[in-house]
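Residues per chain are reported as follows:
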Amino acid sequence: MSSVFNYFLSIAAVFTGSLLVFAFRPSSQKNLKLLLAFSGAFLLAITIFNLLPEVFEDNLFAKRTGVWIMIGILLQKVLEYFSKGAEHGHIHLDKETNQIPKLLFLSLGIHAILEGFPIHHTEGILMGIIIHKIPIAMILTTFLLNTRIKKITIIITLVIFALMTPLGTFISEYFEAIQNYYKEITALVIGIFLHVSTTILFESNEGHKFNITKLLVILAATVLAYLI
């Protein structure tokens, strides 16, 4: 798969999620929650199967790499303070607002740029990001359309958001100073992915009830991630 096509796919993931909302205005959240669970499980599995072995293979500084993973987890925790959990499907906006929440999109932008770094280096991670971005874009678009923000402003904001992940990929490809710290940055991204994906899977938003459908969706995502 060419690098140009990778850029296109990461952008198309956001547009796909947003266009689904613009076209169909889905009212049921049940299927969206299952899609979100699938994306969380897939992202977690890809991180464990592909990214973790990559950063620890022939690594003489494994403990230092672990520190970077922890920094990624803590960084994501800080980003979620400003995004209110948008990365894993929770957005709480004032429906009467007529302005794009700047801190929300700043934190989402940082998250998106960082997740673009390993796309050209690690097998399967692009697919994980695509599957993760589609439901997030759907949720984000749904909430924005329920505010008083002008549609043209929403569209411009979503376009900018869609470009953030390819921007991270571009930086990792063409900035030598960044390439020298690729393993450290990848470890940071691993921490971010671990936090986001496990939050999606294990947060207690269903009253701790056993959900066989959700379990099967998670198992399917895990198997698919292993086979890629």
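Right above here is the structure, for reference.
In what follows, the accompanying structure is described.

**Section: the overall build of the protein**
Tallying secondary structure elements over the protein gives nine helices and zero strands in all. Reading the helices (α) and strands (β) of the protein from amino to carboxyl end gives α-α-α-α-α-α-α-α-α. For the protein, the C-alpha radius of gyration of 17 Å lies close to 17 Å, the compact-globule estimate for 228 residues. Within the protein, the fraction of its 228 residues that count as buried is 48%. By sequence separation, contacts in the protein at least 24 residues apart represent 83% of the contacts at least 6 residues apart.

**Re unusual backbone geometry**
Even without being a glycine, D58 presents a positive backbone phi close to 50 degrees. Tracing the backbone shows D58 in the loop between α2 (30-56) and α3 (62-83).

**A look at the environment of G128**
Turning to its location among the elements, G128 is positioned in helix α5 (residues 125-145). Sequence separation between G128 and S39 is 89 residues, and the spatial gap between their C-alpha atoms is 7.2 Å. Excluding anything up to four places from it in sequence, G128 contacts F42 and L43.

**Examining the environment of S83**
Inspection of the secondary structure puts S83 in helix α3. Separated by 68 residues in sequence, S83 and K151 have C-alpha atoms that sit 21 Å apart.

**Structural notes on the side chain of T165**
Locating T165 in the fold gives a position in helix α6 (residues 151-174). The buried category is assigned to T165, whose relative accessible area is 0%. Of note is the side chain of T165, whose polar atom sits 3.2 Å from the side chain of K133. Ignoring sequence-local partners within four residues, the contact set of T165 consists of S10, A112, E115, G116, I119, I129 and K133.

Cut-offs applied
- Residues numbered from 1 in each chain as written.
- Predicted model: local features only at pLDDT ≥ 70, side-chain atom pairs only at ≥ 80, totals over all residues.
- Heavy atoms only, no water.
- Helix = DSSP H or I, 4+ residues; strand = E, 2+ residues; numbered from the N terminus.
- Rg over C-alpha atoms; globule rule 2.2 N^0.38 Å.
- Buried < 20%, exposed > 50% of the residue type's maximum accessible area, 1.4 Å probe, protein only.
- Contact = heavy atoms within 4.5 Å.
- Polar contact = N/O pair within 3.5 Å; in protein donor to acceptor, adjacent residues only side chain to side chain.

Any link to function would need more than the numbers given here.
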